[in-house]
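# Fold and geometry: a report
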Amino acid sequence: MVTYRRGGHVQGNDEAVERTCDHCDWHCIAGGYPELIGRYQSHLRDEHPEAWLRA
């Protein structure tokens, strides 16, 4: 069973991290924190450029 963590680092092979967007209904689940942040930053840049510039 996969365990989802909100932020933080994945500690084992059966964990994942998740993030939602504060500006829309976007949601992502990733296998690691760097992957999650990359996807979130890409989403902000593409969909919410003003928010991305402030981040």
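Cut-off values and rules
- Residues numbered from 1 in each chain as written.
- Predicted model: local features only at pLDDT ≥ 70, side-chain atom pairs only at ≥ 80, totals over all residues.
- Heavy atoms only, no water.
- Helix = DSSP H or I, 4+ residues; strand = E, 2+ residues; numbered from the N terminus.
- Buried < 20%, exposed > 50% of the residue type's maximum accessible area, 1.4 Å probe, protein only.
- Contact = heavy atoms within 4.5 Å.
- Areas by Shrake-Rupley, 256 points an atom, 1.4 Å probe, with all protein chains shown as cover.
- Salt bridge = Lys/Arg side-chain N within 4 Å of Asp/Glu carboxyl O.
- Core = buried A, V, L, I, M, F, W, Y, C linked by side-chain atoms within 4.5 Å.
- Polar contact = N/O pair within 3.5 Å; in protein donor to acceptor, adjacent residues only side chain to side chain.

## Some words on the overall build of the chain
A tally of helices and strands in the chain yields two helices and three strands. Helices (α) and strands (β) of the chain occur, in sequence order from the N terminus, as β-β-β-α-α. Out of the 55 residues belonging to the chain, those deemed buried represent 27%. Counting contacts in the chain only where the partners sit at least 6 residues apart, residues at least 24 apart contribute 11% of the total. If you sum the accessible surface of the chain, you get close to 4000 Å²; carbon and sulfur atoms cover 47% of it.

## Section: the pattern of salt bridges
The full count for this structure, using the stated rule, is one salt bridge. A salt bridge links Glu35 to Arg39, with the nearest nitrogen and oxygen atoms 2.6 Å apart. Residue Glu35 and its partner Arg39 are located together in helix H1 (residues 33-47), separated by four residues, close to a single helical turn. By relative accessible area, Arg39 is classed as partly exposed at 39%.

## Re the environment of Trp52
Inspection of the secondary structure puts Trp52 in helix H2 (residues 49-54). Taking the C-alpha atoms as reference points, Trp52 and Gln41, 11 residues apart in sequence, are found 7.0 Å from one another. Excluding anything up to four places from it in sequence, Trp52 contacts Gln41, Leu44 and Arg45.

## A word on the nonpolar core
Counting residues in each nonpolar core, the largest one holds nine residues, listed as Val17, Cys21, Trp26, Cys28, Ala30, Leu36, Tyr40, Leu44 and Ala51. Among the secondary structure elements, those contributing two or more residues to this core are strand S3 (27-30) and H1. Element by element, the count of residues in this core is highest for H1, at three residues. Discounting chain neighbours no more than four positions away, the residues touching Tyr40 are Arg19, Thr20, Cys21 and Trp26.

## What about the side chain of His43?
Mapped onto the fold, His43 is located in helix H1. You can call His43 buried: its relative accessible area is 10%. There is a polar contact of 3.3 Å between the side chain of His43 and the side chain of His48. His43 has contacts with Cys21, Cys24, Trp26 and His48, leaving out every residue within four places of it along the chain.

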